[in-house]
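Residue-level structure breakdown
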Amino acid sequence: MRKITIITGASSGMGAEFARQIANDTESSEIWLFARNKEKLDSVKEEIDKKAGLPQIKCVPMNLSGKEGVALFKTFLATEKISGAFEIDLLVNNAGFGTYGEFATTPLEKELEMIDLNCTSLTGLCGAALPYLHKNSSIINVASLAAFLPLGNFAVYAATKAYVLSFSVALAAELKDKGIKVSALCPGSVSTDFANVASNGARKEVLHGKDPVAVVAHCLKKAKKGKRIILWAKKWKFTAFMSRFIGRYLGARYTYKYNKRPSEWS
Ligand SMILES: NC(=O)c1ccc[n+]([C@@H]2O[C@H](COP(=O)([O-])OP(=O)(O)OC[C@H]3O[C@@H](n4cnc5c(N)ncnc54)[C@H](OP(=O)(O)O)[C@@H]3O)[C@@H](O)[C@H]2O)c1
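The structure displayed is predicted, hence computed values, not measured ones.

**Quick notes on the site of the ligand**
Close to the ligand lie 30 residues, the nearest being Ser 11, Ser 12, Arg 36, Tyr 157 and Thr 192. Between the ligand and Tyr 157, the relevant distance is 2.7 Å, taken from an oxygen atom to a side-chain nitrogen or oxygen of the residue. Where the shell around the ligand is concerned, the elements lending two or more residues are helix H1 (13–24) and helix H5 (155–175).

As structure tokens, this is what we get:
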């Protein structure tokens, strides 16, 4: 039986880092990397393939967004099943993006696309993967520190990540008796391409971003132990804790007023 790890959004940032670290420490025989950009996926694969004795890496260029993305993913799994039975050890639902700026000034299409990827696709992939999961399988859903409070200038993104966090914890409760672990990773700022995408090029780097290597290493260690909500930096833990005492409206109003996020949406 083939044993599979699936990582979405593996062409850059934290997803690529998940691929590198999991390849070095996994019982899976194959790792399947999903994202849209084939060249970037191939270069992550090449990097991993240079080391001997690691699992087989398969790149799957695919737009996972929305119901269409979920349908493509399901078809992919069904086709793989025909060429040989497999079970999924680990699903890392990492693909996602944000948009910086006031809701009124960011393109509505982009905001809806974000919901399609961050929520619909993540939910659909969990559902599609379920029949292939087994006792001791895990799901890691990448949420965000933004999940803990409504945020001005980041309204839809924070809402999508609140959804991911809520869904993941409930799924963890439902799958516990089957021996399947579900974790939500809730990082603050991490140095990836995130800001560049979210600002449409207006901010190239994530401000005060932490090293993705450390964030992913911590996540994998905690997910193995079945930690349901994973935070890393002390500052992130403090923020998540304090969010219980800050009113939702106050949090949103404060960030709207004082946390402007540059963007070049037109
Ligand atoms: N960086 C941060 O500060 C931060 C903080 C908290 C949470 N997060 C979350 O961390 C996750 C990873 O983001 P990142 O920071 O590593 O940013 P990133 O470097 O921009 O990576 C995003 C990944 O998602 C993939 N992706 C985007 N749209 C896709 C689609 N329609 N179908 C398939 N794959 C798609 C991208 O690949 P392609 O473009 O090749 O498709 C890329 O591999 C996201 O869920 C993000 O919300 C990031």
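On we go from here.
**Side note on the side chain of Ser 138**
By the secondary structure assignment, Ser 138 is in strand S5 (residues 133–142). Residue classification places Ser 138 among the buried residues on the basis of a relative accessible area of 12%. Not counting the four nearest positions on each side in its chain, Ser 138 is found in contact with Asp 89, Leu 90, Leu 91 and Lys 181.

**Quick notes on the packing of aromatic side chains**
The geometry of an aromatic ring pair comes down to the distance between the two centres and the angle between the two planes. Scanning the entire structure with this criterion turns up 14 aromatic pairs. Relative to Phe 167, the ring of Tyr 163 has its centre 5.9 Å away and its plane inclined at 10°; by these criteria the two rings are stacked. In this pair, Tyr 163 and Phe 167 are both assigned in helix H5, four residues apart and thus about one turn of the helix distant. Given a relative accessible area of 33%, Tyr 163 falls into the partly exposed group. Overall, Phe 167 belongs to the buried group, its relative accessible area being 19%. Aromatic pair Trp 232 and Trp 236: ring centres 5.8 Å apart, planes at 70°, arrangement edge-to-face. Residue classification places Trp 232 among the partly exposed positions, given a relative accessible area of 28%. Residue Trp 236 is classed as buried on the basis of its relative accessible area of 5%. An aromatic cluster of at least three residues, connected via ring pairs, comprises Trp 32, Phe 34, Phe 73, Phe 76, Phe 86 and Tyr 132. A cation over an aromatic ring shows up here: Arg 261 above the ring of Phe 154, its NZ or CZ 4.0 Å from the ring centre.

**Description of helix H9 (residues 248–258)**
Those residues of H9 that sit buried are Gly 251, Ala 252 and Thr 255. Take H9 and look down its axis: the buried residues cluster within an arc of 95°, on one side only. In H9, the exposed positions angled more than 90 degrees off the buried face are occupied by Tyr 249, Leu 250, Tyr 254 and Tyr 258.

**Some words on the sheet that holds S5**
The strand order across the open sheet formed by seven strands is S3-S2-S1-S4-S5-S6-S7, and the pairing between neighbours is parallel. Strand pairing shows two members of the sheet lacking a second neighbour, strand S3 (56–61) and strand S7 (229–230), which therefore form its edges. Taken together, the five bridges between strand S4 (residues 86–93) and S5 define a ladder with parallel strand orientation. When the sheet's bridge partners are listed, Leu 91 is paired in S5 with Ile 139. Where helix H3 (residues 66–83) meets the sheet, it contacts strand S1 (2–8), strand S2 (30–35), S3 and S4, and its direction lies at approximately 155° from that of S2. This element, H5, spans S5, strand S6 (181–185) and S7 of the sheet and lies at about 165° to S5.

Cut-offs used in this document
Residues numbered from 1 in each chain as written. Predicted model: local features only at pLDDT ≥ 70, side-chain atom pairs only at ≥ 80, totals over all residues. Heavy atoms only, no water. Near = heavy atom within 4 Å. Polar contact = N/O pair within 3.5 Å; in protein donor to acceptor, adjacent residues only side chain to side chain. Helix = DSSP H or I, 4+ residues; strand = E, 2+ residues; numbered from the N terminus. Buried < 20%, exposed > 50% of the residue type's maximum accessible area, 1.4 Å probe, protein only. Contact = heavy atoms within 4.5 Å. Phe/Tyr/Trp six-rings, centres within 6.5 Å; stacked < 30°, edge-to-face > 60°. Lys NZ or Arg CZ within 6 Å of the ring centre and 35° of its normal. Arc of directions from axis to C-beta. Pairing = 2+ DSSP bridges. Axes fitted to C-alpha atoms, helices over the stretch in contact; angles between N-to-C directions.

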